[in-house]
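Coordinate analysis (summary)
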Amino acid sequence: MARAIPTNRYAIQLAIFIAFGFLFGYDIGVISGCLIMPDFIRRFGEVGPDGQFFLSSSRQSIITSLLSAGTFVGALGQAFTSDRFGRRGSILIWSGIFTVGVIIQTATEFSIAQITVGRFFAGLGVGALSAIVPLYNGETAPKALRGTLLVLYQLQIIVGIFLSYIIDLATHRINGSASWRVPVGLQLAWGLIMLSGIFFLPESPRHLLGTGRREEARTVIASLNGVPLEDTLVDEVVDELEYGIRAENEGGKATWAECFSTRNNLWKRTGNGMMLQFIQQLNGQNFYYYYGDTFFQSAGTSLDPYVIQVILGAVSVIGTIPALYLIESWGRRRSLLTGSLLEAACSIIAGLVGHFTLAPPLTPKDQLTVRNKRGGDTLIAFAVLHVFSFSIFWGPTPWVYLGESFPLRVRPKSIALGSATNWLWNFLLSFFSPRIAAKIGPLILLIFFGMLLFGYVYVYLFIPETKGLSLEEVDEMYRSGVKPWNSPGWRPHLSEEAHQAHEAQKKGATESVHEVQEKRSSEA
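Note that this is a predicted model, so its numbers are computed, not measured. (Residues numbered from 1 in each chain as written. Predicted model: local features only at pLDDT ≥ 70, side-chain atom pairs only at ≥ 80, totals over all residues. Heavy atoms only, no water.)

So, the overall build of the protein
Under the convention used in this document: Each helix corresponds to a stretch of at least 4 residues labelled H or I by DSSP, and each strand to a stretch of at least 2 residues labelled E; elements are numbered beginning at the N terminus. Only protein chains enter the area calculation, which uses a 1.4 Å probe; residues under 20% of their type maximum are buried, those over 50% are exposed, and those in between are partly exposed. Shrake-Rupley sampling with a 1.4 Å probe provides the accessible areas, and residues are treated as covered by the protein chains on show and by no other component.
When helices and strands are counted, the protein shows 21 helices and two strands. Buried positions account for 55% of the 524 residues belonging to the protein. Surface exposure of the protein reaches about 21600 Å², of which carbon and sulfur atoms provide 65%.

Thoughts on the packing of aromatic side chains
Where two aromatic rings form a pair, the distance of their centres and the angle of their planes describe that pair. Counted only if it meets this: The aromatic pairing rule takes the rings of Phe, Tyr and Trp, using the six-membered ring of Trp, and pairs them if the centres are within 6.5 Å, calling planes under 30 degrees apart stacked, those over 60 edge-to-face and the rest tilted. In this scheme, Lys NZ or Arg CZ marks a charge over a ring once it lies within 6 Å of the ring centre and within 35 degrees of the ring normal.
All told, the structure shown has ten aromatic pairs when counted by the stated rule. Residues Phe 454 and Tyr 458 carry aromatic rings whose centres are separated by 6.0 Å and whose planes lie at 40 degrees to one another, so their mutual orientation is tilted. Of the two residues, Phe 454 and Tyr 458 are both situated in helix H19 (residues 444-462); the distance of four residues between them amounts to about one turn of the helix. Among the residues examined, Tyr 458 registers a relative accessible area of 12% and is labelled buried. Through pairs of rings, three or more aromatic residues link up here, namely Phe 40, Phe 44 and Trp 180. Taking the ring centre of Phe 110 as reference, the NZ or CZ of Arg 43 above it sits at 5.0 Å. Its guanidinium or amino end placed over the ring of Trp 330, Arg 334 lies 4.1 Å from that ring's centre, counting from NZ or CZ.

Some remarks on the nonpolar core
To keep it simple, the criterion reads: Within this scheme, the nonpolar core is defined by two criteria: the residues are buried Ala, Val, Leu, Ile, Met, Phe, Trp, Tyr or Cys, and they are joined through side-chain atoms within 4.5 Å.
In terms of nonpolar packing, the biggest core is built from 35 residues, with Leu 276, Trp 394, Val 459 and Ile 463 touching the most fellow members. Contributions of two or more residues to this core are made by helix H12 (266-281), helix H14 (305-329), helix H15 (332-357), helix H16 (370-392), helix H18 (411-440), H19 and helix H20 (471-480). With 17 residues, the next largest nonpolar core counts Tyr 165, Val 310, Leu 402 and Val 410 among its residues.

With respect to the side chain of Thr 71
For the record, the criterion: We call two residues in contact whenever any of their non-hydrogen atoms come within 4.5 Å of each other.
Its location among the elements puts Thr 71 in helix H4 (residues 57-106). Taking the relative accessible area as the measure of exposure, Thr 71 reaches 0% and is therefore buried. Ignoring any residue separated from it by four or fewer positions in sequence, one finds Thr 71 in contact with Gly 123, Leu 124, Val 126, Gly 127 and Trp 423.

Digging into H12
Short version of the rule: By definition here, a helix of n residues has an expected span of 1.5 Å times n minus one.
Taking 1.5 Å as the rise per residue, H12 with 16 residues should run 22 Å; its terminal C-alpha atoms sit 23 Å apart, in good agreement. Judged by how many residues are buried, H12 sits mostly within the fold: twelve of 16 residues are covered. Every buried residue of H12 is listed here: Leu 266, Arg 269, Thr 270, Gly 271, Asn 272, Gly 273, Leu 276, Gln 277, Phe 278, Ile 279, Gln 280 and Gln 281.

What to know about the pattern of salt bridges
Stated precisely, the cut-off is as follows: The rule for a salt bridge is simple: a side-chain nitrogen of Lys or Arg has to be within 4 Å of a carboxyl oxygen of Asp or Glu.
A full pass over the atoms with the stated rule returns eleven salt bridges. Between Arg 181 and Glu 109 there is a salt bridge whose closest N-O contact spans 3.4 Å. Of this pair, Arg 181 sits in helix H7 (residues 178-185) while Glu 109 is found in the loop between H4 and helix H5 (112-140), placing the two residues 72 residues apart along the sequence. What makes Arg 181 buried here is its relative accessible area of 16%. By relative accessible area, Glu 109 is classed as partly exposed at 41%. A salt bridge links Arg 332 to Glu 404, with the nearest nitrogen and oxygen atoms 2.9 Å apart. With Arg 332 in helix H15 and Glu 404 in the loop between helix H17 (397-403) and H18, the pair connects residues that are 72 residues apart, well separated along the chain. The class of Arg 332 is buried, set by a relative accessible area of 0%.

Quick notes on the packing of H15 against H19
Here is the rule we go by: Every axis corresponds to a line fitted to the C-alpha atoms, with the helix fit spanning only the stretch in contact, and the corresponding angles, defined between N-to-C directions, vary from 0 to 180 degrees. To sort the angles, those under 35 degrees are grouped as roughly parallel, those over 145 as roughly antiparallel, those from 65 to 115 as roughly perpendicular, and the leftovers as oblique. The handedness criterion is simple: a crossing whose near helix is rotated anticlockwise from the far helix by less than a right angle is left-handed, and one whose near helix is rotated clockwise is right-handed. Classification used: nonpolar for Ala, Val, Leu, Ile, Met, Phe, Trp, Tyr, Cys and Pro, charged for Asp, Glu, Lys and Arg, polar for all others including Gly.
Across the interface, H15 lies against H19 with an axial gap of 8 Å and an inter-helix angle of 160 degrees. Between H15 and H19, the angle is such that the two are roughly antiparallel. Handedness of the H15/H19 crossing: left-handed. Side by side, H15 and H19 meet where Arg 333, Leu 336, Leu 337, Ser 340, Leu 341, Glu 343, Ala 344, Ser 347, Ile 348, Ala 350, Gly 351 and Leu 352 of the first sit next to Leu 445, Leu 446, Phe 448, Phe 449, Leu 452, Leu 453, Gly 455, Tyr 456, Val 459 and Tyr 460 of the second. Here the residues of the contact of H15 with H19 are counted per class, giving 16 nonpolar, four polar and two charged.

Topic: the side chain of Thr 320
Basically, it comes down to this: In protein, a polar contact requires one atom able to donate a hydrogen and another able to accept it; more generally it is a pair of N or O atoms within 3.5 Å, and residues adjacent in sequence count only if both atoms are side-chain atoms.
Summarising the element assignment, Thr 320 is placed in helix H14. A polar atom in the side chain of Thr 320 sits 2.8 Å from the backbone oxygen of Ser 316. In contact with Thr 320, not counting residues within four places along its chain, are Val 151, Gln 154, Leu 155, Ile 158 and Ser 391.

Looking at the environment of Gly 418
Examined against the element boundaries, Gly 418 turns out to sit in helix H18. Contact partners of Gly 418, with chain neighbours within four places excluded, come to Gly 273, Met 274, Gln 277 and Leu 402.

Thoughts on the packing of H12 against H19
Look at H12 against H19: their axes get within 10 Å of each other, and the N-to-C directions meet at 160 degrees. It follows from the interaxial angle that H12 and H19 lie roughly antiparallel. H12 and H19 meet at a crossing whose hand is left-handed. Side by side, H12 and H19 meet where Gly 271, Asn 272, Met 275, Leu 276, Phe 278 and Ile 279 of the first sit next to Met 451, Phe 454, Gly 455, Tyr 458, Val 459 and Phe 462 of the second. For the contact of H12 with H19, a count of residues per class yields nine nonpolar, three polar and no charged.

Some thoughts on the environment of Trp 485
Along the polypeptide, Trp 485 turns up in the loop between H20 and helix H21 (494-523). Separated by 26 residues in the primary sequence, Trp 485 and Val 459 place their C-alpha atoms 9.2 Å from one another. Not counting residues up to four positions away in its chain, the partners in contact with Trp 485 are Arg 333, Tyr 460 and Leu 461.

Let's talk about H16
Helical periodicity: at 3.6 residues per turn, an α-helix aligns residues three or four positions apart in one direction. Compared with an ideal rise of 1.5 Å per residue, which puts 23 residues at 33 Å, H16 spans 33 Å between its outermost C-alpha atoms and is within 8% of the ideal. Along H16, the residues classified as buried are Asn 372, Gly 375, Gly 376, Leu 379, Ile 380, Ala 383, His 386, Val 387, Ser 389, Phe 390, Ser 391 and Ile 392.

Digging into a nonpolar patch on the surface
Where we set the bar: To count toward a patch, a residue needs a relative accessible area over 30% and no salt bridge; like charges are then connected within 9 Å, while nonpolar side chains (Val, Leu, Ile, Met, Phe, Trp, Tyr) are connected within 5 Å.
A contiguous nonpolar patch, built from Val 457, Tyr 460, Leu 461, Phe 462 and Trp 485 and spanning about 450 Å² of accessible area, is present on the exposed surface. On the secondary structure map, Leu 461 appears in helix H19.

What to know about the confidence of the model for the protein
Stated precisely, the cut-off is as follows: Confidence of the predictor at the level of single residues is captured by pLDDT, which takes values from 0 to 100.
On average, residues of the protein carry a pLDDT of 79, and 82% of them reach 70 or more. Per-element averaging of pLDDT across the protein places H21 at the bottom with 55 and H19 at the top with 94. In this model residues 1-6 is a low-confidence stretch, pLDDT under 50, and it forms 15 contacts with partners more than four residues away in sequence or in other chains.

The following block contains the structure:
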């Protein structure tokens, strides 16, 4: 039988659906606009001494931070459901929890407790899915496309944030609760689309093989590669996966402690995944989202916060598009190293220019000097460049690395630890940044400058190149002990050994058939 030509059409379609990441991005971005909508403030705020409603900083903190608290718990919780119910079942469970959270928020009338509970439940789904999607894509995507498809996940998150800003901009002038119920309620559509996946999402072939369901795994592999079930490619992929899984699974059931064991350098791999997420959150880009309006106003612009959010969101979307190409052409290491230097340069320039030239906050526009305006223009330019650089390099790459760095036995747990690290520092950054910025102003950007230099050194010394490797080959690379700076030239032997084993098995079967035929001939 002639060998079929494999295609990746179904795998790409599947990854595009499962990377329906703008569900997560939209949920993260939509609340910032709601917090300054008059009807939202009237329903969930307090009455001030002047008789006007206002939303205190403590209430804003509760409403926004409960999402981060939920994401942290969800990111860890998915590790249990991913192993027990499979990747497919876990996606559907957490999509359902997210949808329940959105319903609770949308149905709220005046209870701040209800809307925060809804935020927490939505956060559970967002955090869990933020870990499952890289896990699922990493296990189903062809290795030549895995990095690109994982970047697509990050792109859709950024598109979700951008879309939420546009919806907030479009509805914030509506009188009544529709101004905030419409953008919040639209999340129901995203959740229901994810839930529809029960009708066509396949289970991860690696999970199927890991749980002894070989024939189901063969069917999924044939579908993902667009070849008939009896094609030799299916058997070769199955043999390669089983060969790697057997090597990974020596030693029994994995525990959380094993994520930090010396076996197969798991401590290093888990540590790398968590450190990249930590460094990503302290890149400084979120600071521009939080305080971009102040900087823009200091530059003498008349843009309101909604327009500023749309501008930064658009820059993020545009910046993520080149990453779809660069993640595979440049690789993971080069992307992270380049991004560290570019963002560090933007941080130190913006921080020093902002400190020495910007007018104090809330300075009337007609009192801004030429020096203030030029300094503000410079800061705006480097803020945009910083966000653009982050979107190309440090935005998607840590998630790609997280999705492809761990063996099957600890993959859900290690990815959970990495995702939880991201959400924990996201929460801490949003909680402490306003207090730090109130004390030192734009000099807070020098903290991010120092973190980016640390990130460059860390990536150079500890992060190996995983471009073009299967998940089993990544495992082999870590076991080989290759130095990270030499890893771009490293070549795997696992696929070759699996192929040789497959050929030997075929040869043995052929010889057995010949022996039976000869025996029958002699008996005749």
